[in-house]
Amino acid sequence: MHIHRLEKIWLVFGCIMLAVFLIIIGVSAFASDNQPPSDATLIDPTQVDQTKPFDKPGLKKIDDNKYEAVMVSQAFQFTPQDMTIKKGATVDFLVTSKDVVHGFEIVKTNVNMMVVPGHINSIEYTFKEAGEYLIVCNEYCGSAHHMMSTKIKVVE
Ligand code: CUA
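The following paragraphs examine the structure supplied in this document. Model, not experiment: these values are computed from the prediction.

## A look at the overall build of the protein chain
Reasoning step 1: Regarding its fold elements, the protein chain presents one helix and 11 strands.
Reasoning step 2: At 22 Å, the protein chain has a C-alpha radius of gyration far larger than the 15 Å of a compact globule built from 156 residues.
Reasoning step 3: The buried share of the protein chain, reckoned over its 156 residues, is 30%.
Reasoning step 4: Within the protein chain, residue pairs in contact and separated by at least 24 positions form 60% of the contacts whose partners lie at least 6 positions apart.
Reasoning step 5: Of the charged side chains in the protein chain, 14 are positive and 18 negative, and the gap between their average positions amounts to 5 Å.

Below is the structure:
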């Protein structure tokens, strides 16, 4: 079988590009200890109230500029309601669900998680501007889904 010279060149070029592409994806996916941002920790959704730290949901001050927010989602509310933090502080959110899949979106930020029952979902965010931040559920979870929200006040 005869293959035209140019055709051969392009075939080889295509194969090389494919290899380069796969190597870039493979290396970048596992480089610098990359790992999925959440979903790594499991919890029994029927035992949330008895499982640390969700037995005591709330905002904990870890040091001057760092908080941990332990939050429980259930139809149709977030616990705790209305947290207040200092401007410039970083908050480590740990969120789980007692029932169905909920959303966790902090409006006007890039924080947007799916809260899956059985998993502890976590995300970190630094609040650089003062103001009131609305947290909403953006996964349809039932008849009062649109009522499901809480707030974070960031004060100077
Ligand atoms: Cu919870 Cu929608």
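After that view of the structure, there is still more to cover.
## Quick look at a nonpolar patch on the surface
Reasoning step 1: Judged by side-chain polarity, Leu6, Ile9, Trp10, Phe13 and Met17 come together as a nonpolar surface patch covering roughly 530 Å² of accessible area.
Reasoning step 2: Examined against the element boundaries, isoleucine 9 turns out to sit in helix 1 (residues 5–30).

## Brief notes about the sheet that holds strand 5 (residues 83–86)
As a general point, the strands of a sheet are linked pairwise by backbone hydrogen bonds and lie either parallel or antiparallel.
Reasoning step 1: Spatially, five strands are ordered 5-11-10-7-8 in an open sheet, and the strand pairing comes out mixed. The sheet is open, and its two borders are formed by strand 5 and strand 8 (112–115), each paired with just one other strand. Adjacent strand axes in the sheet meet at a mean angle of 20°, parallel and antiparallel pairs treated alike.
Reasoning step 2: Relative to strand 11 (residues 149–155), strand 5 runs parallel, the two sharing four bridges. Within the sheet, the bridge partner assigned to methionine 83 lies in strand 11 and is isoleucine 152.

Conventions and cut-offs
Residues numbered from 1 in each chain as written. Predicted model: local features only at pLDDT ≥ 70, side-chain atom pairs only at ≥ 80, totals over all residues. Heavy atoms only, no water. Helix = DSSP H or I, 4+ residues; strand = E, 2+ residues; numbered from the N terminus. Rg over C-alpha atoms; globule rule 2.2 N^0.38 Å. Buried < 20%, exposed > 50% of the residue type's maximum accessible area, 1.4 Å probe, protein only. Contact = heavy atoms within 4.5 Å. Lys, Arg positive; Asp, Glu negative; His and termini not counted. Charge placed at Lys NZ, Arg CZ, Asp CG, Glu CD. Patch = residues over 30% accessible without salt bridge, like charges linked within 9 Å, V, L, I, M, F, W, Y side chains within 5 Å. Areas by Shrake-Rupley, 256 points an atom, 1.4 Å probe, with all protein chains shown as cover. Salt bridge = Lys/Arg side-chain N within 4 Å of Asp/Glu carboxyl O. Pairing = 2+ DSSP bridges. Axes fitted to C-alpha atoms, helices over the stretch in contact; angles between N-to-C directions.

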